[in-house]
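So the chains spell out like this:
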Amino acid sequence: MVGTNQTTLTTRMEEIDKKNTEVFTQIYQRDLNVDGKQYIQNEKITPAQLANYEKRFAQYKKWGGNGDVDPWIAKIRRLPIEYPDSYL
């Protein structure tokens, strides 16, 4: 009985984890698209923005992102880097 309950609990936790990962992947995809459009529209990106975007993109891919963001990352990586005055 205890083994069955443990197995059921483990299975349920795995299902919840999978569902959460799917939701977070969708959220990351949306945010990466929105931010990517903004950076491209601005025609520049700061080092901090690029680092943050790259980090979120890596997590999106790790979770199994479907490739919809791949065209954005390629364009964003080609944007000129703008260093804020605080960097100088």
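Below you will find a few notes about this structure. (Residues numbered from 1 in each chain as written. Predicted model: local features only at pLDDT ≥ 70, side-chain atom pairs only at ≥ 80, totals over all residues. Heavy atoms only, no water.)

Details of the nonpolar core
Within the largest apolar cluster, 12 residues are counted, these being Leu32, Tyr39, Ile45, Leu50, Tyr53, Phe57, Tyr60, Val69, Trp72, Ile73, Ile76 and Leu79. For this core, the element with the highest residue contribution is helix α2 (residues 47-62), accounting for 4 residues. Beyond its immediate stretch of four places on either side in the chain, Tyr39 contacts Lys44, Ile45, Gln49, Tyr53, Arg56, Ile76 and Leu79. (Core = buried A, V, L, I, M, F, W, Y, C linked by side-chain atoms within 4.5 Å. Buried < 20%, exposed > 50% of the residue type's maximum accessible area, 1.4 Å probe, protein only. Helix = DSSP H or I, 4+ residues; strand = E, 2+ residues; numbered from the N terminus. Contact = heavy atoms within 4.5 Å.)

Some words on the side chain of Thr46
Tracing the chain through its elements places Thr46 in the loop between α1 (2-42) and α2. Not counting the four nearest positions on each side in its chain, Thr46 is found in contact with Glu82 and Pro84.

Some details on α2
Three or four residues apart is the spacing at which side chains of an α-helix point the same way, because the helix has 3.6 residues per turn. Its 16 residues place the ends of α2 22 Å apart at the C-alpha level, agreeing with the 22 Å of an ideal helix rising 1.5 Å per residue. Along α2, the residues classified as buried are Leu50, Tyr53, Arg56, Phe57 and Tyr60. All buried residues of α2 fall inside an arc of 135° around its axis, so they share one side. Looking at α2, the residues exposed on the side facing more than 90 degrees away from the buried face are Lys55 and Lys62. (Expected span 1.5 Å × (residues − 1). Arc of directions from axis to C-beta.)

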